[in-house]
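Listed here are the chains, written in short residue letters.
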Amino acid sequence: MIAEIGHFALILALAVALIQAVIPLVGASRGNATWMGLAGPASVAQMLLVGIAFAALTHAYMTSDFSVLNVAQNSHTDKPMLYKVTGVWGNHEGSLLLWITILALFGLAVTLFGANLPPGLKARALAVQAMITVGFLLFILLTSNPFERLDPPPMNGSGLNPLLQDPGLAFHPPFLYLGYVGFSMAFSFAIAALIEGKVDAAWARWVRPWTLAAWIFLTLGIALGSWWAYYELGWGGWWYWDPVENASFMPWLAGTALLHSAVVVEKRDSLKSWTILLAIVAFGLSLLGTFLVRSGVITSVHAFATDPARGVFILGLLIFAVGGSFTLYAVRAPSLKTGGLFAPVSREGALLLNNVLMATGAGTVLLGTLYPLFADALDLGKVSVGPPFFNSVFLPLMVPMVLAMAAGPLLSWKRGDLAGVLSRLSVAAVAALAVALATWLWQGGSAGPWWAAGGMALAVWLLGGTIVEWAERIRLFRAPLAESLERMGKLPRSSWGMTITHSGLALLIIGMTASSAWKLESVQTQKLGETITVAGYAFTLTQVEDINGANYLATQGTFKVTKDGQDFAILQPEKRVYRQPPRPTTEAAIVSTILGDVYAVIGDAVPEGGWVTRLYFNPLVPWMWAGCLVMVLGGLMSLSDRRHRIGAPTRARAAVQAAKA
Amino acid sequence: MIRLAVLLSVLWLAAPALAADPSEMLKDPALEKRAHTLGKELRCLVCQSESIEDSNADLAKDLRIIVREQIGKGASDEQVKKFVVDRYGDYVLLNPPFKGATLVLWLGPFGLLAVSLVAAWAFFRRRAKGQAPAGSAPLSDAEKRRLEALLKDGK
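Residues numbered from 1 in each chain as written. Chains lettered and ligands numbered in written order. Predicted model: local features only at pLDDT ≥ 70, side-chain atom pairs only at ≥ 80, totals over all residues.

Counting its regular elements, chain A contains 23 helices and 10 strands. What you see for chain A is a C-alpha radius of gyration of 27 Å, in line with the 26 Å of a compact globule of 661 residues. Principal axes of the C-alpha set define a box for chain A whose edges measure 85 × 75 × 55 Å. Sequence separation of 24 or more characterises 74% of the internal contacts of chain A that already satisfy a separation of 6 or more. (Helix = DSSP H or I, 4+ residues; strand = E, 2+ residues; numbered from the N terminus. Rg over C-alpha atoms; globule rule 2.2 N^0.38 Å. Contact = placed C-beta atoms within 7 Å.)

On to the overall build of chain B. For chain B, the helix and strand inventory stands at 6 helices and 0 strands. Listing every helix and strand of chain B by position from the N terminus yields α-α-α-α-α-α. Put simply, chain B has 155 residues, and 31% of those count as buried. Partitioning the contacts of chain B with sequence separation of at least 6, the portion at a separation of at least 24 is 54%. (Buried ≥ 20, exposed ≤ 12 C-beta atoms within 10 Å, placed from the backbone.)

The next thing to look at is unusual backbone geometry. Residues and elements named next belong to chain A. Omega for the peptide link from D151 to P152 comes to -5°, which places this bond in the cis form. Mapped onto the elements of the fold, P152 is located in the loop between helix 7 (119–143) and helix 8 (167–170). Here L271, not a glycine, exhibits a phi torsion of approximately 55°, which is positive. Relative to the elements of secondary structure, L271 occurs in the loop between helix 11 (243–268) and helix 12 (272–295). On the basis of neighbour count, L271 is assigned to the buried category, with 27 C-beta atoms found within 10 Å.

What follows deals with the environment of G464 of chain A. Residues and elements named next belong to chain A. Mapped onto the elements, G464 comes out in helix 19 (residues 451–473). For G464, a count of 21 C-beta atoms within 10 Å corresponds to the buried category. Distance from G464 to G221, taken between C-alpha atoms, is 28 Å for residues 243 residues apart in sequence. Setting aside anything within four residues of it in sequence, one finds G464 in contact with A406, V427, A428, A431 and A432.

It is worth spelling out the pairing of strand 7 (residues 584–587) of chain A at this point. All names here are of chain A. One ladder, built from 4 bridges, connects strand 6 (residues 574–578) with strand 7; its direction is antiparallel. Along strand 7, the bridge assignment pairs V577 with P584. Here strand 6 hands over to strand 7 after 5 residues, the two strands then running antiparallel side by side. (Pairing = 2+ DSSP bridges.)

So, about the domain arrangement of chain A. All names here are of chain A. Per the domain assignment, the segments of chain A are domain 1 (1–160), domain 2 (171–370) and domain 3 (520–622). Listed as interface residues are 4 residues of domain 2 and, on the opposing side, 9 residues of domain 3. For the side of domain 2 that touches domain 3, the per-class residue count stands at 1 nonpolar, 2 polar and 1 charged. (Domains from an automatic or database assignment. Nonpolar A, V, L, I, M, F, W, Y, C, P; charged D, E, K, R; others polar.)

Moving on, we get to the nonpolar core. Burial of nonpolar side chains together is a common tendency in soluble globular proteins. Residues and elements named next belong to chain A. In terms of nonpolar packing, the biggest core is built from 190 residues, with I100, A186, A190, A254, A279 and A282 touching the most fellow members. With 19 residues, the single largest contributor to this core is helix 10 (residues 201–232). Shared between two domains, this core takes at least three residues from each, and those domains are domain 1 (1–160) and domain 2 (171–370). Among the nonpolar cores identified, the runner-up in size contains 19 residues, and F539, L541, W611 and Y616 belong to it. (Core = buried A, V, L, I, M, F, W, Y, C linked by C-beta atoms within 7 Å.)

The subject of this paragraph is the confidence of the model for chain B. All names here are of chain B. With 77% of its residues at a pLDDT of 70 or more, chain B has an overall mean of 75. Mean pLDDT across the elements of chain B bottoms out in helix 1 (residues 4–12) (41) and peaks in helix 4 (residues 77–88) (88). Scored below 50 in pLDDT, residues 1–19 makes 55 contacts in the model with residues more than four places away or belonging to other chains. Our summary of model confidence lists the complex with pTM equal to 0.88 and ipTM equal to 0.79. (pLDDT = per-residue confidence, 0-100.)

A separate point is the environment of S95 of chain A. Within the secondary structure, S95 of chain A sits in helix 6 (residues 92–113). As a C-alpha pair, S95 of chain A and P173 of chain A span 78 residues in sequence and 7.9 Å in three-dimensional space.

Within a beta sheet, neighbouring strands are joined by backbone hydrogen bonds and run either parallel or antiparallel to one another. All names here are of chain A. Strand order in the open sheet formed by 4 strands is 1-10-9-8, and the pairing between neighbours is antiparallel. Only two strands of the sheet have a single neighbouring strand rather than two, namely strand 1 (520–526) and strand 8 (589–593). Across this sheet, the average inter-strand angle for adjacent strands is 15°, counted without regard to direction. Across 5 bridges, the pairing between strand 8 and strand 9 (residues 596–605) is antiparallel. The residue of strand 9 that forms the bridge with T593 is G596. (Axes fitted to C-alpha atoms, helices over the stretch in contact; angles between N-to-C directions.)

Attention now moves to the confidence of the model for chain A. Close inspection of predicted coordinates is inappropriate in any region flagged by low pLDDT. In the predicted model, chain A carries a mean pLDDT of 88, and the fraction of residues at 70 or more is 95%. Confidence over residues 646–661 of chain A falls short of pLDDT 50; this stretch has 9 contacts with residues more than four positions distant or in other chains.

On to the pairing of strand 5 (residues 566–571) of chain A, then. All names here are of chain A. Pairing analysis gives 5 bridges linking strand 4 (residues 552–563) to strand 5, with the strands arranged antiparallel. Its bridge partner being in strand 5, K563 is matched across the sheet by Q566. Counting the residues between successive antiparallel strands, the hairpin from strand 4 to strand 5 contains 2 residues, one of them, D564, with a positive phi of roughly 50°.

Residues and elements named next belong to chain A. Running from N to C, helix 6 and helix 9 (residues 172–196) cross one another at 50°; their axes reach a closest spacing of 9 Å. Judged on the interaxial angle alone, helix 9 and helix 6 are oblique. With respect to the hand of their crossing, helix 6 and helix 9 are arranged in right-handed fashion. Together, S95, L98, W99, I102, L103 and F106 of helix 6 and P173, P174, Y177, L178, V181, G182, S184 and M185 of helix 9 make up the contact between the two elements. Looking at the contact of helix 6 with helix 9 residue by residue, the classes come out as 11 nonpolar, 3 polar and no charged. (Parallel < 35°, antiparallel > 145°, perpendicular 65-115°, else oblique. Left-handed = near helix turned anticlockwise from the far one by under 90°.)

All names here are of chain A. Look at helix 22 (residues 621–639): 28 Å from first C-alpha to last across 19 residues, which is about the 27 Å you get at 1.5 Å a residue. Here helix 22 has its buried residues at V621, W623, M624, W625, G627, C628, V630, M631, G634, G635 and S638. Along its buried surface, helix 22 packs onto helix 10, helix 21 (493–517), strand 9 and strand 10 (611–619). (Expected span 1.5 Å × (residues − 1).)

Taking 1.5 Å as the rise per residue, helix 19 of chain A with 23 residues should run 33 Å; its terminal C-alpha atoms sit 33 Å apart, in good agreement. Note on helix 19 of chain A: the residue one or two positions beyond its end, R475 of chain A, has a positive phi of about 50°.

On to the environment of E245 of chain A, then. Residue and element names in this part refer to chain A. Tracing the backbone through its elements, the reader meets E245 in helix 11. Take E245: there are 21 C-beta atoms within 10 Å of it, and that puts it in the buried class. Taking the C-alpha atoms as reference points, E245 and T369, separated by 124 residues in sequence, lie 9.9 Å from one another. What E245 contacts, discounting residues up to four positions off in sequence, is W239 and Y240.

This paragraph deals with the packing of helix 10 of chain A against helix 22 of chain A. Residues and elements named next belong to chain A. It is at 9 Å that the axes of helix 10 and helix 22 come closest, and there the two elements cross at 165°. Overall, the two elements helix 10 and helix 22 adopt an arrangement that is roughly antiparallel. Where helix 10 crosses over helix 22, the two elements pack in a sense that is left-handed. Only W625, C628, M631, V632, G635, L636, S638 and L639 of helix 22 make contact with helix 10, whose side of the interface consists of P209, L212, A213, W215, I216, T219, L220, A223 and W227. Class assignment of the residues belonging to the contact of helix 10 with helix 22 gives a composition of 14 nonpolar, 3 polar and no charged.

Written out as structure tokens, the structure reads:
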């Protein structure tokens, strides 16, 4: 019964979405306030209905209602409650339901927090949002109904893929989707602006917080996925340039570019049509990401051909959304008025350079990800595009970007003085060169990889440049300390956001460089009592026992780790075999130190006695995760800037009036 | 979730053993290091996009052994690659070779960069030719009414 209510709620939601997609749009073009106002209540109804459907499916999972096909295929009574709930989105149908629940949530947020939006823009944006909802609801109802019944119901379900029974991956999809769907807001605002034919600083100011929120979620989602790969796959790697990873990375690159170009629109009333284009591209890439993962086309073109219904539907949706918006863009963009002029060397110019490189980066990842598909479809033979390709093409693009990132924020708007900026950055340059030299000597010259010193120098240059910019803003050491502190207190939060996020990236680069360059590993058969030393850490295998988990059996090894004769830690990696479905997973045991992770994996028993063990020292990996968190923190800081806060413009206006009076 | 499809496809085929089995490894650490570096560039053919050094699949194990046998026989890196490519095709190379079929792949990124730089340059040229910045459009009637309403509310 409850499942049918959920199904019915989805059908009602479709009806509401159709109304919301049409009436407010017509109302906006006719200036009919009542029709435009319909978008608000419609988005509330939308959230309620989709929420009911989501709750119904969650209920079916929590109560293990195996008469629902989706639950029977993806759940099991033995699963811990946490994974019963997260199992809701651990499958195709449920994850789409999550997608659209988040979409409804964003729509509701616009209605609730968008009181100061111009009614026309708000009505149009919500209508565009509803069009996306219509597409996805049709997709769910026609090809991927999560509420399909199964008669007779089985005694128990098939269980959830054990790899998903993990906190990192359980919460990875919601964050990723919050990011993907968040870009739909920027998209809807862009389309609404194209329809209105007006893009101005106010528009950019409304779009930025949504884009920023989406960016924060996506950053967190990608970091969670990467962290999960690091501890769960058991190889100590954290990025594989896998098509599915690329699918989430492309919207991130486009979204980052969008955030930066929106700054130019807001501050300088320039780069408008480019910003609109980026908003379309960022969401287009989010849709593409969904399509790539959901259609099975990535595994092989042939998988796509054997079960084409879903793939063809999403492809159609993608073509309609992207094609339609590009057409609208082609028609309307030329009429957008161009605003402030600026010289190539200027803050705007630097932000434009960021955009050029970010967009090229996204294009490169797109090309590399889709090339094998094209080659196969065009009979050029089967081609693999793997990490060596991406590393050799993508990374060189990011080097000039990071180089420019240190200087950009120091350039003044309109026309900058590059020579002056570079001389102000001489401290950073000296620090970077010193670190490069120190790194080179430390790794024993060419005994380590040649690029390690470069990566470290780049990070220090970025960090140095960011600190110089911050110090100049508060006139540190130039003015009395009290004045500097006062200036620091008055720095706008968006400026803090930039400083923090850029520093986070520097930390990330340090961690990525070190862990790629100097990872130490040792693979061997280890007997009980035997000691293996990696990076000065002595791993003694003291015990191996079988343990019984909630829904798995595990072989758990116990390593006593000492460093310089002192006890350091006890590491207990596991090799699990889940009961349903019967599949193995590795659970690495990790102890983090400031210098790196001590990482142990246990494998199979060897007939001659002993176990296969893999022991690693992964240098500075915690810096990577810290870098990601710092970037997220910077995003949050910027998001909390008072000009993004709800109603802030009204208060600001009141304050100005009060001051004038 | 996002990785699920990939992992599923990998794991269905996966043997429960850990990949780099010590028994496969070459005795000479220098040769083993060479084999490992080389193996990182060879694709596990039945996997999503993992190298043979990072995969649990049986086929990856076989390939690891082949690579080590060849290196043990004194073959150079290029000879080992050729040996594997002759049997499995270019598909086995994670770093696609530069040739006709991959021309667009390798030159594409540079093309993209060139196009966007030219676009940026054209943007500045057009601006420099003295397009005066257009003033902001006058308010429409509806906007004027709304402005008045807002100002009234503010008081």
